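So you can see what is in the structure, the chains are spelled out below.
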Amino acid sequence: EHLLASLAKLEYPTGLLSFVLVCDGCTDGTAAAFRAWAVGRPDSWVVERAAHQGKAAALNEGLALCGGEIVVVLDADLRPRPDFVRELVPSFADERVGGAAGFLRPANADDNVVTRYAAVTSWVHQLVTSAGKDRLGLNPPTFGAAAYRRRAVEAIGGFPVVPVGVDVAASRRLTRQGWRTRFVPAAVAENTVVSEVGDYWRQHIRWARGGF
């Protein structure tokens, strides 16, 4: 619900923004929430996949329905700020850019000691590592809040089907094909970081497996 509310507030010229909401074999109320949000919005489509097939398959089906050259991808637990798309799109004025990552800002950093630590690792990974790679032209990876040039994604055969880390895998393939990726810290999407030690541990094991 937080994501849908944020999408409704995005600041972008009328007629230049459309939405594809993909429900990947959901068994909760997500599909109903998508349908309710799309009512009366001629610029919105809802895709309901009968069986869960993973993020890459869902993204590729959504990509097939998008009409624009720039495709923005947002994970369901994020809350993009109103100017999120407006801040990301200028990166694509450079025809070499195939992807641009927004800044996942930890929204609950002060909740407890675990959220503080998770927030610090997130800030360092993005505002130091990704920002440094961007400054040096070393292609920072995209994450759950990013934009892609359609023909760049098509050139790599769509979003790669991997067990975890679809965004990072896409960034690697874009780099191999000669495309640039960018990190845009002004394009902010609020992100709720984990608040329990067990969740932090499982999350980072999953990310490490995806990276390797």
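Residues numbered from 1 in each chain as written. Predicted model: local features only at pLDDT ≥ 70, side-chain atom pairs only at ≥ 80, totals over all residues. Heavy atoms only, no water.

Draft legend 1. Focus on the side chain of aspartate 167. Relative to the elements of secondary structure, aspartate 167 occurs in helix H7 (residues 166–176). Residue aspartate 167 is classed as buried on the basis of its relative accessible area, which comes to 8%. Contact partners of aspartate 167, with chain neighbours within four places excluded, come to Lys55, Thr142, Phe143, Gly144 and Tyr148. (Helix = DSSP H or I, 4+ residues; strand = E, 2+ residues; numbered from the N terminus. Buried < 20%, exposed > 50% of the residue type's maximum accessible area, 1.4 Å probe, protein only. Contact = heavy atoms within 4.5 Å.)

Draft legend 2. Examining the nonpolar core more closely. Counting residues in each nonpolar core, the largest one holds 24 residues, and the members touching the most others are Leu7, Phe84 and Leu88. Broken down by secondary-structure element, the contributors of at least two residues to this core are helix H1 (2–8), strand E1 (19–24), helix H2 (30–38), helix H4 (84–88), strand E5 (97–106), strand E6 (145–149) and strand E7 (180–191). Contact partners of phenylalanine 84, with chain neighbours within four places excluded, come to Leu10, Val72, Leu74, Gly102, Ala145, Ala146, Ala187, Val188 and Ala189. Counting residues in each nonpolar core, the second largest holds 15 residues, with Leu59, Val73, Ala152 and Ile156 among its members. (Core = buried A, V, L, I, M, F, W, Y, C linked by side-chain atoms within 4.5 Å.)

Draft legend 3. Summary view of the sheet that holds strand E3 (residues 70–74). Ordered in space as E3-E6-E5-E7-E4, the five strands form an open sheet in which the pairing is mixed. If you trace the sheet from one side to the other, it starts and ends with E3 and strand E4 (78–80), each paired once. Direction aside, neighbouring strands of the sheet carry axes that sit 35 degrees apart on average. Both E5 and E7 contribute to a ladder of nine bridges, which runs parallel. Bridged to phenylalanine 103 within E7 is valine 188. Most of the contacts of H7 go to E6, to which it runs at about 30 degrees, and overall it touches E5, E6 and E7. (Pairing = 2+ DSSP bridges. Axes fitted to C-alpha atoms, helices over the stretch in contact; angles between N-to-C directions.)

Draft legend 4. Just the packing of aromatic side chains, in detail. Following the criterion strictly, the structure yields three aromatic pairs and no others. On the numbers, 5.7 Å between centres and 70 degrees between planes, the contact of tyrosine 117 with tyrosine 200 is edge-to-face. Within this pair, whereas tyrosine 117 is found in helix H5 (residues 113–136), its partner tyrosine 200 is found in helix H8 (residues 197–211), the two being separated by 83 residues in sequence. Here tyrosine 117 falls in the exposed class, since its relative accessible area comes to 53%. Residue classification places tyrosine 200 among the buried positions, given a relative accessible area of 17%. (Phe/Tyr/Trp six-rings, centres within 6.5 Å; stacked < 30°, edge-to-face > 60°.)

Draft legend 5. The arrangement of H5 in detail. Look at H5: 33 Å from first C-alpha to last across 24 residues, which is about the 34 Å you get at 1.5 Å a residue. The set of residues buried in H5 consists of Val114, Thr115, Ala118, Ala119, Ser122, Gln126, Ser130 and Asp134. Structurally, H5 contributes buried residues whose contacts are with E5, E7 and H8. Its side-chain oxygen at 2.9 Å from the backbone nitrogen of valine 114, asparagine 112 defines the N-terminal cap of H5. At the exit of H5 stands glycine 137, carrying a positive phi of roughly 70 degrees. (Expected span 1.5 Å × (residues − 1). Polar contact = N/O pair within 3.5 Å; in protein donor to acceptor, adjacent residues only side chain to side chain.)

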